[in-house]
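Each chain, letter by letter, is given below.
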Amino acid sequence: MKTLTSSAAVLCLVIAVSAGLSLADKRLSMAAHNVKIISRYGAVTLKGAVKTDEEKKAIEDKATELAGAGKVTSEIAVAHHMQQEES
């Protein structure tokens, strides 16, 4: 059985998370589909802004499902939270 190199494994993880957030999922806004997925050493970092708390949770849940518990760091901001902080 052939094992993946670490860079190939990272790429597979990013692709899997991206596919899990496919554009076919109409529940997610375009902003949610544009969240950056960064993987390093088997851990995933999510960066970007989404429109709702529900979108944020859906993305975090999918990433955790694919990467594993304790391997996801979310830096996702919710747009209405950002607007409230600016006021």
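Our structure's up above, just so we're on the same page.
This structure is a prediction, so every number in the text was calculated from the model and none was measured. (Residues numbered from 1 in each chain as written. Predicted model: local features only at pLDDT ≥ 70, side-chain atom pairs only at ≥ 80, totals over all residues. Heavy atoms only, no water.)

1. Examining the pattern of salt bridges
And then number 1: A full pass over the atoms with the stated rule returns four salt bridges.
And then number 2: Taking the shortest distance from any N to any O, the salt bridge between Lys56 and Glu60 comes out at 3.9 Å. In this pair, Lys56 and Glu60 are both assigned in helix 3 (residues 53-67), four residues apart and thus about one turn of the helix distant.
And then number 3: In this structure, Asp61 engages Lys57 in a salt bridge whose closest nitrogen and oxygen atoms are separated by 2.7 Å. Residue Asp61 and its partner Lys57 are located together in helix 3, separated by four residues, close to a single helical turn. (Salt bridge = Lys/Arg side-chain N within 4 Å of Asp/Glu carboxyl O. Helix = DSSP H or I, 4+ residues; strand = E, 2+ residues; numbered from the N terminus.)

2. What about the pairing of strand 2 (residues 43-50)?
And then number 1: Bridging between strand 1 (residues 36-40) and strand 2 involves five bridges; their strand directions are antiparallel. The residue bridging Arg40 from the neighbouring strand is Ala43, located in strand 2.
And then number 2: Remark: two residues form the turn of the hairpin made by strand 1 and strand 2, two consecutive strands paired antiparallel; Tyr41 in that turn has positive phi of roughly 55°.
And then number 3: Looking at chain direction, strand 2 and strand 3 (residues 72-78) are connected through seven bridges and run parallel. Counterpart to Thr45 in the pairing with strand 3 is Thr73.
And then number 4: In this view, the connection linking strand 2 to its parallel neighbour strand 3 by way of helix 3 has right-handed handedness. (Pairing = 2+ DSSP bridges. Right-handed = clockwise from strand over helix to strand, strands pointing away.)

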